[in-house]
Amino acid sequence: MKTISATVVLLILVLCTPSFSQSTYATVSGTVEDPSKALIPGVTMKALNTATGVSTTVLTNESGTYSFASLLPGLYKISAELAGFQSHTYSDVRLGNGDQLRLNFTL
């Protein structure tokens with residue numbers, strides 16, 4: 001029976017380690033539209049971590065889409081606001097490690 005050297009075992013473990021890693025950040029993205037289903041650019045999007053009070057703000061792009069790419073796990077309030085429209089908020093949005101959540105808004 002062959003024996004495997006310690007160097008080969010160590011090399012296998014080192015090469016396999018990256019496949020087990022996972023991002024600790026969560027991503028929330030989506031679109032913002034009006035009641036007629038037209039996408040709205042320039043909407044202020046806020047993600048408030050309710051436990052820490054840390055707020056992140058982004059704007060929707062010319063296609064009415066937004067993305068929060070690096071949110072820490074926790075409980076969030078995600079809101080959309082634009083002058084002339086009634087704001088909309090999702091409360092108690094729970095994000096875990098590596099979550100990718102899609103939230104679409106209608107103002």
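Residues numbered from 1 in each chain as written. Predicted model: local features only at pLDDT ≥ 70, side-chain atom pairs only at ≥ 80, totals over all residues. Heavy atoms only, no water.

A. Representation of the nonpolar core in the model. Judged by nonpolar contacts, the single largest core of 18 residues is most densely connected at V32, M45, Y66, F68, I78 and F105. Elements represented by at least two residues in this core include exactly β1 (26–33), β2 (44–49), β4 (65–71), β5 (74–81) and β6 (88–95). Look past the residues within four positions of F105 in its chain and what remains in contact with it is T31, V32, E33, M45, Y66, I78, S79, A80, H88 and Y90. (Core = buried A, V, L, I, M, F, W, Y, C linked by side-chain atoms within 4.5 Å. Buried < 20%, exposed > 50% of the residue type's maximum accessible area, 1.4 Å probe, protein only. Helix = DSSP H or I, 4+ residues; strand = E, 2+ residues; numbered from the N terminus. Contact = heavy atoms within 4.5 Å.)

B. Summary view of the environment of T89. Considering the arrangement of structural elements, one finds T89 in strand β6. Residue classification places T89 among the partly exposed residues on the basis of a relative accessible area of 36%. Distance in space between the C-alpha atoms of T89 and I78 is 5.6 Å, their sequence separation being eleven residues. Other than its neighbours up to four places away in sequence, T89 contacts K77, I78 and S79.

C. Quick look at the environment of T106. Position of T106 relative to the elements: it lies in strand β8 (residues 105–106). As for T106 and I40, which are separated by 66 residues in sequence, their C-alpha atoms are 9.3 Å apart. Residue contacts for T106: discarding those within four places in its chain leaves E33, D34, P35 and H88.

D. Region of the structure containing the environment of S79. With respect to the element layout, S79 can be found in strand β5. Residue class for S79 comes out buried when judged on its relative accessible area of 10%. Through-space distance from the C-alpha of S79 to that of F105 is 8.7 Å; in sequence the pair is 26 residues apart. Other than its neighbours up to four places away in sequence, S79 contacts T44, M45, K46, H88, T89 and F105.

E. Main features of the pairing of β2. Residues M45, A47 and N49 line the buried face of β2, whereas the alternating positions T44, K46 and L48 sit on a face that is not buried. Strand direction decides the pairing type here: β2 and strand β3 (residues 55–59), joined by five bridges, are antiparallel. Note on β3: the bridge partner recorded for M45 is V58. Here β2 folds back onto β3 in antiparallel fashion, the turn holding five residues, of which G53 has a positive phi close to 80°. The pairing of β2 with β5 spans six bridges and is classified as antiparallel. Across the sheet, T44 pairs through a bridge with E81, a residue of β5. (Pairing = 2+ DSSP bridges.)

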